[in-house]
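Working through the structure, step by step
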Amino acid sequence: MADRFAYHCALRWSDLDAYGHVNNARFLTLYEEARVALMFVGARAQGVDSFAEGVVVRRHEIDYLRPVDYALDRATEDAAPTVRIELWVEQLRAASFVVGYEMYDGDLLISRARSVLVPYDLTRQVPRRVSDAERAFLLGHVADGGMDR
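Residues numbered from 1 in each chain as written. Predicted model: local features only at pLDDT ≥ 70, side-chain atom pairs only at ≥ 80, totals over all residues. Heavy atoms only, no water.

What about the pairing of strand E3 (residues 82-92)?
Worth spelling out the cut-off: The rule is simple: take the accessible area with a 1.4 Å probe, protein chains only, and divide by the maximum for that residue type; under 20% is buried, over 50% is exposed, in between is partly exposed. A helix here means a DSSP run of H or I that spans at least four residues, while a strand means a run of E at least two residues long, and both kinds are numbered starting from the N terminus. In this description, strands pair whenever DSSP reports at least two bridges between them.
Most of E3 sits out of view: eight of its eleven residues are buried. In terms of strand pairing, E3 meets strand E4 (residues 97-105) through eight bridges, oriented antiparallel. Among the inter-strand pairings, Leu-92 is bridged to a residue of E4, identified as Phe-97. Between E3 and the antiparallel strand that follows it, E4, lie four residues.

Details of the pattern of salt bridges
Formally: One side-chain nitrogen of Lys or Arg within 4 Å of one carboxyl oxygen of Asp or Glu is enough to make a salt bridge.
Applying the stated criterion to the full structure yields 13 salt bridges. Arg-84 is paired through a salt bridge with Glu-86; the nearest N and O atoms lie 3.0 Å apart. Judged by its relative accessible area of 17%, Glu-86 falls in the buried class. The network of salt bridges with shared partners includes Arg-4, Arg-84, Glu-86, Glu-102 and Arg-112.

Describing helix H1 (residues 24-45)
Rules: For a helix, the expected span equals 1.5 Å multiplied by the number of residues minus one. The bend reported for a residue corresponds to the angle between axes fitted to the seven residues ending at that residue and the seven starting there. We call two residues contacting when some pair of their heavy atoms lies within 4.5 Å. Residues adjacent in sequence count toward polar contacts only when both atoms are side-chain atoms; beyond that, a polar contact is any pair of N or O atoms within 3.5 Å, and within protein one must be able to donate a hydrogen and the other to accept it.
Between its terminal C-alpha atoms H1 stretches 31 Å, which fits the 32 Å expected from 22 residues at 1.5 Å a residue. Remark: the principal bend of H1, roughly 30°, maps to Ala-37. Within H1 the residues assigned to the buried category are Phe-27, Leu-30, Tyr-31, Ala-34, Arg-35, Ala-37, Leu-38, Met-39, Gly-42 and Ala-43. Those residues of H1 hidden inside the fold are in contact with strand E1 (5-10), strand E2 (55-64), E3, E4, strand E5 (108-121) and helix H2 (132-139). Regarding H1, its N-cap is Asn-23, as a side-chain oxygen of that residue lies 2.7 Å from the backbone nitrogen of Ala-25 further along. In the stretch just after H1, Gly-47 is the one whose phi turns positive, near 85°.

A look at unusual backbone geometry
If you check the backbone angles, Gln-125 has positive phi at about 60° while not being a glycine. Within the element layout of this structure, Gln-125 appears in the loop between E5 and strand E6 (126-127). A relative accessible area of 49% places Gln-125 in the partly exposed class.

Notes on H2
Stated precisely, the cut-off is as follows: The directions considered for the arc run from the helix axis to the C-beta atoms.
For H2, every residue scored as buried is listed here: Glu-134, Phe-137 and Leu-138. Down the axis of H2, the buried side of the element spans an arc of 95°, and every buried residue falls inside it. Exposed positions of H2 whose direction lies more than 90 degrees from the buried face are Asp-132 and Ala-136. The inward-facing, buried residues of H2 abut H1, E3, E4 and E5.

Describing the packing of aromatic side chains
Where two aromatic rings form a pair, the distance of their centres and the angle of their planes describe that pair. Counted only if it meets this: Pairing of aromatic rings covers Phe, Tyr and Trp, the last counted by its six-membered ring, and requires centre-to-centre distances within 6.5 Å; plane angles under 30 degrees mean stacked, over 60 mean edge-to-face, and any other angle means tilted. Two thresholds decide whether a charge sits over a ring: the Lys NZ or Arg CZ must be within 6 Å of the ring centre and within 35 degrees of the ring normal.
One pass over the structure, following the stated rule, counts four aromatic pairs. Between Phe-27 and Tyr-64 the ring centres are 5.0 Å apart and the planes differ by 80°, which places this aromatic pair in the edge-to-face class. Of the two residues, Phe-27 is situated in helix H1 and Tyr-64 in strand E2; the sequence distance between them amounts to 37 residues. For Tyr-64, a relative accessible area of 40% gives the class partly exposed. Look at Tyr-31 and Tyr-101: their rings are 4.7 Å apart centre to centre, the planes differ by 45°, and that puts the pair in the tilted class. Taken together, the residues Tyr-31 in helix H1 and Tyr-101 in strand E4 connect sequence positions 70 residues apart. We classify Tyr-101 as buried; its relative accessible area is 1%. Taken together, the ring pairs connect Phe-51, Phe-97 and Phe-137 into an aromatic cluster. Lying over the aromatic face of Trp-88, Arg-4 brings its terminal NZ or CZ to 3.9 Å of the ring centre.

Just distances and angles here, no functional claims.
And the structure:
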């Protein structure tokens, strides 16, 4: 497998449901935070700014494997409890790509997800192709067998 991008995401009290677990809908927000970090922070660090010009989500799917507690015993006076989200590119095509995710609570795998993403021209309001710079960046995170030829 290619390099995974790892993101540590703080849990918020507002993420909890009535049962004291992270709400299932909040998983999508946590995955979004990790994806934004990959495409806007990670890519910019490598000189790729074009993801900020537009990328839309075509599809999400999430498998919930275990509940996640806020776990006050893991909080410190300086930091809330966190989950670790690992991301990679499962598939890279001319005009779309699929990001795979795994979310961990410590060493425990708690969720898996996938997002189909489409580069988008916000000015013209139309999909666009993956640029050469975006493709080069994403190739650094492509899982084995993830390229469509």
